[in-house]
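# Structure assessment
Listed here are the chains, written in short residue letters.
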Amino acid sequence: MGQCLCGAVEIEIGTPARWAWHDHSGATRRAHGAAYATYVGSWRKRFRVTRGADEITRFRDEATGTTRSFCARCGTPLAYERARSAHMVNIPRALFTGRTGREPRYHIAIAELQDWTYLGEPLVPLKGFPGVVWERPIRNATRKKRVSLGGGWS
């Protein structure tokens, strides 16, 4: 089961999901306000709105033939649909509290990956701020050493 932020809309899919992926496209970045969104795809016949169907609003992009659904109360993205794949509904993975039966193994629009996206760099606790971690800057001496060894940055 999944739900929006305010709980007005609840959804469910038959598991396992058809597939799962990370979408780095500009449209998804703007719709979610995030570096990328992770989706699970479900056959339309296995997707159900179990509560709050009247709270769903939609945005149709005529240029791309896509429709994005949102909770009208809190704005949570709920679904992404493409006209050319009318039998599928793509749902943000973060809405689900449990497993969906698929691990995200694919990346869509990877060429649009932003340079500010976290890519798994080592993080350390930020002193005085419990629960906050940060990427420690690399000292110039370390940077110069890496560059001279051929493993540096441009």
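Summary of the structure given here. Computed from a prediction, not measured in an experiment: that's the story for all the values here.

## Here we look at the packing of aromatic side chains
Inspection of every chain in the model, using the stated rule, returns 4 aromatic pairs. Between the aromatic rings of Trp 19 and Trp 21, the centroid separation amounts to 4.5 Å while the plane-to-plane angle is 25 degrees, which identifies the pairing as stacked. What makes Trp 21 buried here is its relative accessible area of 5%. Taken together, the aromatic side chains of Trp 19, Trp 21, Tyr 39, Tyr 80 and Tyr 106 make up a single cluster linked through ring pairs.

## Some words on the environment of Ala 17
Here Ala 17 shows up in the loop between strand S2 (10-13) and strand S3 (19-23). Once the C-alpha coordinates of Ala 17 and Thr 100 are considered, the two residues, 83 residues apart in sequence, prove to be 5.7 Å apart. Apart from the residues within four sequence positions on either side, Ala 17 is in contact with Val 40, Gly 41, Thr 100 and Arg 102.

## Describing a nonpolar patch on the surface
On the surface, a nonpolar cluster with roughly 270 Å² of combined accessible area is contributed by Ile 110, Leu 113 and Leu 119. If you trace the backbone, Leu 119 turns up in the loop between strand S10 (106-108) and strand S11 (124-125). Of the residues examined, Leu 119 reaches a relative accessible area of 60% and is grouped as exposed.

## Concerning the pairing of strand S7 (residues 66-71)
Of all 6 residues that make up S7, 6 are buried, and the element is covered over most of its length. As paired elements, strand S6 (residues 56-61) and S7 share 6 bridges and run antiparallel to each other. Opposite Phe 59, over in S7, you have Arg 68 as the bridge partner. In this antiparallel pair of consecutive strands, S6 and S7, the connection spans 4 residues, and Gly 65 shows a positive phi of 75 degrees. Note: S7 against strand S8 (residues 77-82), 5 bridges, orientation antiparallel. Residue pairing in the sheet places Thr 66 in a bridge with Arg 82 of S8. As consecutive antiparallel partners, S7 and S8 are separated by 5 residues, and within that stretch Gly 75 has a phi angle of approximately 85 degrees, a positive value.

About the criteria used
- Residues numbered from 1 in each chain as written.
- Predicted model: local features only at pLDDT ≥ 70, side-chain atom pairs only at ≥ 80, totals over all residues.
- Heavy atoms only, no water.
- Phe/Tyr/Trp six-rings, centres within 6.5 Å; stacked < 30°, edge-to-face > 60°.
- Buried < 20%, exposed > 50% of the residue type's maximum accessible area, 1.4 Å probe, protein only.
- Helix = DSSP H or I, 4+ residues; strand = E, 2+ residues; numbered from the N terminus.
- Contact = heavy atoms within 4.5 Å.
- Patch = residues over 30% accessible without salt bridge, like charges linked within 9 Å, V, L, I, M, F, W, Y side chains within 5 Å.
- Areas by Shrake-Rupley, 256 points an atom, 1.4 Å probe, with all protein chains shown as cover.
- Salt bridge = Lys/Arg side-chain N within 4 Å of Asp/Glu carboxyl O.
- Pairing = 2+ DSSP bridges.

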